[in-house]
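Notes for the structure review
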Amino acid sequence: MTAISSFVNNPPQRWRRKLERNSPFWTNWMRRRGSALSIAALLVAGSSSAPAFPDSKHKDIACRDLSISVTLPDVGTQTIQGTLCTPMNEARTLQILLGGVTYDRHYWALPSAPGKPSYMEESSKNGYATLALDRIGTGSSGHPPAEKVGLKANVDALHQVVNAFRVGSIGGRAYSRVITVGHSFGASVAVAEAYRENDVDGVIASSFLHALGPRIGEFGKSLYPAIQDPITSHSNPPKNYLTTQPGTRSDLFYSKADAAPETQRADESTKTTETSAENHDIAVVQSSPKITRGVNVPVLLAVGERDELLCGGKLKCDNSTHVQDFEKEFYGNAAKLTAFVLPRAGHAINLHRNSELWFRAASDWVTRNVDQKHRVD
């Protein structure tokens, strides 16, 4: 079928039982894709609809997979795959979720440990619609030539998705408020899109700073051709698509003392690709202060205290005030910059045991800076 790790399709019984008992969001995500097929195969196939969560705890939330057509310069029409989860309360605010390099929409649906909520689950419980995307060149979205898939292509694609949900041409309804939520390079895409298009109501940028940590060089060394990898080779990625070498993600993306081993294995099993163009553009936004200074909507920065890709060099991420004071020179007044530091967490802050703290901080920030602002206006 595929070379996907058996963990994703057949987790250890101990963890499966805990997940089914304590994490109905993840259980429903798995059930929608069927026990006989791999997650990757079903994501490629897609599904036009999905039932509401089977557990009564989530009876007012429904999820479905979407295929979104975008047109990119020098590439043409491509398909972006995503999963839309909507509360039944007619949420007016949509969060569009973008993973970092070598991550796709699974990053937003994985629980940090058995019994813990994912970002999508927590946001849905708080009344927000979420759209988790496989960015162009990742997951089951289109894979154009690698040299064509850099920051600009990602921004172009995101803008078209934002516009489609603003006007209601996809998903069955229009959203009056749209915010983008990015992780790492996904945050770069969200920030750059907000700067260029000025079409969103807020930006949450996680694992995104104007600083580099002592282990950033190790990330570059961890990359190799995705076609050689046992996880990503199943999709036959084109030339110059890259991924992380087996066994490197835990050291790079985690503070392992605060991350469940099962989650780290699931991360490896659901990893995806990055392109050579993305690798070239990975620090464009951080090295161009005019971009962040030109964002005219509220911005929340979130980072793990022990993120050694970003922290521990010229910036010590020991508390939120320290990070906010360091970063405020890179933003204008319109950003109303807020920073949040997740204690003991590494770069993949969604996947640490205490990630609920940052999920709640994100929802509280949206309520204060987007929802309440619109009610006042």
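Okay, so let's go over this structure. Because the structure is predicted, anything quoted here is derived from the model rather than measured. (Residues numbered from 1 in each chain as written. Predicted model: local features only at pLDDT ≥ 70, side-chain atom pairs only at ≥ 80, totals over all residues. Heavy atoms only, no water.)

Looking at the pairing of strand β6 (residues 202–206)
The buried fraction of β6 is high, at five of five residues. Where burial is concerned, the two faces of β6 agree: the one with G202, I204 and S206 and the one with V203 and A205 are both buried. As paired elements, strand β5 (residues 177–183) and β6 share five bridges and run parallel to each other. By the bridge assignment for β6, T180 is matched with V203. Each parallel crossover has a hand, and the one from β5 via helix α8 (residues 185–197) to β6 is right-handed. (Buried < 20%, exposed > 50% of the residue type's maximum accessible area, 1.4 Å probe, protein only. Helix = DSSP H or I, 4+ residues; strand = E, 2+ residues; numbered from the N terminus. Pairing = 2+ DSSP bridges. Right-handed = clockwise from strand over helix to strand, strands pointing away.)

Some thoughts on the layout of surface pockets
Estimates place the volume of the largest pocket at around 390 Å³. Lining the largest pocket are 25 residues, with S184, L212, I216, I282 and L310 positioned closest to its centre. Where the lining of the largest pocket is concerned, the elements lending two or more residues are α8 and α9 (216–222). In terms of residue count, α9 provides more of the lining of the largest pocket than any other element does, three residues in total. (1 Å grid on protein atoms, 1.4 Å probe; cavity = no way out; pocket = protein on both sides within 12 Å on 5 of 7 lines; lining within 4 Å. Points joined across faces, edges and corners; volume = space filled by probe spheres on them.)

Looking at the state of the cysteines
Inspection of the entire model under this criterion finds two disulfides. A disulfide bridge connects C63 with C85, and the sulfur atoms are separated by 2.0 Å. In this structure, the disulfide formed by C63 and C85 twists by about 110° around the S-S bond and is classed as right-handed. Pair noted here: C63 is in strand β1 (residues 61–72) and C85 is in strand β2 (residues 76–87), with a separation of 22 residues, a long-range link. You can call C63 buried: its relative accessible area is 3%. With its sulfur 2.0 Å from that of its partner, C311 forms a disulfide with C317. (Disulfide = S-S within 2.5 Å.)

A short note on the pattern of salt bridges
Close approach of charged atoms allows side chains with opposite charge to pair. Summed over all chains, the structure comprises 19 salt bridges. A salt bridge links D201 to R166, with the shortest nitrogen-to-oxygen separation between them at 2.8 Å. A residue pair is termed long-range when its members are at least 10 positions apart, and D201 in the loop between α8 and β6 and R166 in helix α7 (residues 151–167) qualify at 35 residues. Given the relative accessible area of 16%, D201 is considered buried. R166 gets classed as partly exposed once you look at its relative accessible area, which sits at 24%. (Salt bridge = Lys/Arg side-chain N within 4 Å of Asp/Glu carboxyl O.)

Side note on the packing of α7 against α8
The geometry of a pair of packed helices is captured by two quantities: the angle between their axes and the separation between those axes. Where α7 contacts α8, the two axes come as close as 9 Å, and the packing angle between them is 65°. Taken together, α7 and α8 sit at an angle that is classed as roughly perpendicular. Relative to α8, α7 is oriented so that their crossing is right-handed. Along the contact surface, α7 presents L151, K152, N154, V155, D156, L158, H159 and V162, while α8 presents F185, S188, V189, A190, A192, E193, R196 and E197. For the contact of α7 with α8, a count of residues per class yields eight nonpolar, three polar and five charged. (Axes fitted to C-alpha atoms, helices over the stretch in contact; angles between N-to-C directions. Parallel < 35°, antiparallel > 145°, perpendicular 65-115°, else oblique. Left-handed = near helix turned anticlockwise from the far one by under 90°. Contact = heavy atoms within 4.5 Å. Nonpolar A, V, L, I, M, F, W, Y, C, P; charged D, E, K, R; others polar.)

It is worth stressing that arrangement in space is one thing and function is another; only the former is reported here.
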